[in-house]
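The residues making up each chain are set out below.
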Amino acid sequence: METSVKNGQSSILTKNIVVCGIALLCTFLWGSAFPSIKVGYRLFSIADNDTASQMLFAGYRFTLAGILTLIIGWIGNRRFPIPKKQIRKNILILGLLQTTFQYLFFYIGLSHTEGSKGSIITASNYFFAIVMAHFWFTKKRGYSGEDRMNLRKTVGCLLGLSGVVLVNFTANGFDGSFTLTGEGCMVVSSLVAAVASVYVKTFAAEDNTFTITGWQFLFGGLVLTAIGFFLGGSVQGFTLKSSALLLYMAIISSVAFSLWTLLLTHNPVGKVAIYGFTNPIFGVLLSGLILGENAFTLKNLIALLCVCAGILTVNLRIKAKSVEN
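Cut-offs applied
Residues numbered from 1 in each chain as written. Predicted model: local features only at pLDDT ≥ 70, side-chain atom pairs only at ≥ 80, totals over all residues. Heavy atoms only, no water. Helix = DSSP H or I, 4+ residues; strand = E, 2+ residues; numbered from the N terminus. Buried < 20%, exposed > 50% of the residue type's maximum accessible area, 1.4 Å probe, protein only. Contact = heavy atoms within 4.5 Å. Areas by Shrake-Rupley, 256 points an atom, 1.4 Å probe, with all protein chains shown as cover. Patch = residues over 30% accessible without salt bridge, like charges linked within 9 Å, V, L, I, M, F, W, Y side chains within 5 Å. Salt bridge = Lys/Arg side-chain N within 4 Å of Asp/Glu carboxyl O. Expected span 1.5 Å × (residues − 1). Axes fitted to C-alpha atoms, helices over the stretch in contact; angles between N-to-C directions. Parallel < 35°, antiparallel > 145°, perpendicular 65-115°, else oblique. Left-handed = near helix turned anticlockwise from the far one by under 90°. Nonpolar A, V, L, I, M, F, W, Y, C, P; charged D, E, K, R; others polar. Phe/Tyr/Trp six-rings, centres within 6.5 Å; stacked < 30°, edge-to-face > 60°. Core = buried A, V, L, I, M, F, W, Y, C linked by side-chain atoms within 4.5 Å.

## What to know about the overall build of the chain
No. 1: Tallying secondary structure elements over the chain gives twelve helices and zero strands in all.
No. 2: Reading the chain from its N end, one meets helices and strands in the order α-α-α-α-α-α-α-α-α-α-α-α.
No. 3: Taken over 325 residues, the chain has a buried fraction of 52%.
No. 4: Of the contacts formed within the chain by residues at least 6 apart in sequence, a portion of 86% connects residues at least 24 apart.
No. 5: When the accessible area of the chain is evaluated, it comes to approximately 15,200 Å², of which 68% is carbon and sulfur surface.

Right under this line is the structure:
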């Protein structure tokens, strides 16, 4: 089964304005997860240095997200989403990559480094994805050349990354230290996320998006939960408010990842991944609104303009083609 990217057929999911709208919705939802996680730590009495409990909390979230995604897919397709036999192994691998390993290294790294450093390194996974897509898909027969890296994409990525750097820059600058348990783990987490973005495109068109996303969440979340329990983590303080927050966080993952995977199925990885630079922007702005942080500054507005400029630069040539056609 070939996607519209492969066979050249027009699809609403390949239109630039649709890709932009859905991708930004996804990054907005993911951005809201940053303040939600902080509020969740407080409601569930999870300490900043309690990595095991943080992993357990993440495991609960993604396990529930997997269940919700499968239920949505069940209702939408009027049959329980059972993955096709030929891609079941791929889904398990994706679950380990995109959910288990990514967040395993993420939480370990974030507990040993500053949040500003963590945000910059995490945002780099989208640039990694664009570069990886260049080397992977341009070597494969049947894939378009739109995943090929060029000067325009490089400039666009650098513009977007400059916005991410600016929004995380403080008056004291950045500490130049580097540790394997801190920044090293964050780099590994970013690389794993990039590999997962590219890997899912290799088989996502072979089955329903909700089926793939739901099962990878469920499997990866259960593994995370098991690791959290094994390390002695605990999540306590379940109330109506805290349970509602956990449910919302599961919905964030379910909706955002399903839509993101759907976009990756029908578009070049680079065309979708570039929008991920807006994740920390939304995270900062929503943290300001929800947590009362000092987010609405001139520096943040300039950073947002840099990110938008990066997105426009990456998609400039694609937009020109659509006008000519």
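## Considering the environment of R148
No. 1: With respect to the helices, strands and loops of the structure, R148 is situated in the loop between helix 5 (115–137) and helix 6 (151–167).
No. 2: Given the relative accessible area of 44%, R148 is considered partly exposed.
No. 3: C-alpha separation for the pair R148 and F135, spaced 13 residues apart in sequence, amounts to 7.7 Å.

## Section: a nonpolar patch on the surface
No. 1: Judged by side-chain polarity, I67, I71 and I75 come together as a nonpolar surface patch covering roughly 280 Å² of accessible area.
No. 2: One can find I75 in helix 3 (residues 51–77).
No. 3: A relative accessible area of 64% places I75 in the exposed class.

## Description of helix 7 (residues 180–201)
No. 1: When the terminal C-alpha atoms of helix 7 are compared, their 30 Å separation across 22 residues agrees well with the 32 Å that a helix rising 1.5 Å per residue should span.
No. 2: Taking burial as the measure, the 22 residues of helix 7 include 16 buried ones, the bulk of the element.

## Things to note about the packing of helix 2 (residues 16–43) against helix 3
No. 1: For the pair helix 2 and helix 3, the least separation of the axes is 12 Å and the interaxial angle reads 120°. Considering the angle they form, helix 2 stands oblique to helix 3. By crossing handedness, the relation of helix 2 to helix 3 is classed as right-handed. Packed against helix 2, whose contacting residues are A33, I37, G40 and Y41, the element helix 3 presents Q54, F57 and R61 at the interface.
No. 2: Across the contact of helix 2 with helix 3, the residue classes break down as four nonpolar, two polar and one charged.

## Observations regarding the packing of aromatic side chains
For any pair of aromatic rings, the description rests on two quantities: the centre-to-centre distance and the angle between the ring planes.
No. 1: Within the structure shown, the criterion is met by twelve aromatic pairs.
No. 2: An angle of 80° between the planes, with centres 5.5 Å apart, marks the rings of F28 and F282 as edge-to-face. Here the residue F28 occupies a position in helix 2, and F282 occupies one in helix 11 (residues 278–291), the gap between them amounting to 254 residues.
No. 3: A residue is classified by how much of its surface remains accessible, and F28, at 36% relative accessible area, is partly exposed.
No. 4: For F282, a relative accessible area of 21% puts it in the partly exposed group.
No. 5: Ring centres 5.1 Å apart and planes at 90° place the aromatic pair W74 and F80 in the edge-to-face group.
No. 6: Among the aromatic residues, those joined into a ring-pair cluster are Y41, F44, F57, Y60, F229 and F238.

## So, helix 8 (residues 209–230)
Because each turn of an α-helix spans 3.6 residues, side chains separated by three or four positions in sequence point in the same direction.
No. 1: When the terminal C-alpha atoms of helix 8 are compared, their 32 Å separation across 22 residues agrees well with the 32 Å that a helix rising 1.5 Å per residue should span.
No. 2: Of the residues one or two after helix 8, G232 is the one with positive phi, at around 90°.

## Notes on the side chain of T213
No. 1: Here T213 shows up in helix 8.
No. 2: If near-sequence neighbours (up to four positions away) are discounted, T213 is found in contact with T69, F257, S258 and T261.

## Regarding the nonpolar core
Generally speaking, nonpolar side chains in soluble globular proteins are found buried as a group.
No. 1: Ranked by internal contacts, the top residues of the largest apolar core, which has 69 residues, are F57, Y107, W260 and I274.
No. 2: If one sorts the elements of this core by residue count, helix 2 sits on top with eleven residues.
No. 3: Contacts of W260, omitting those with residues within four sequence positions, involve A23, C26, T27, W30, Y126, V272, A273, Y275 and G276.

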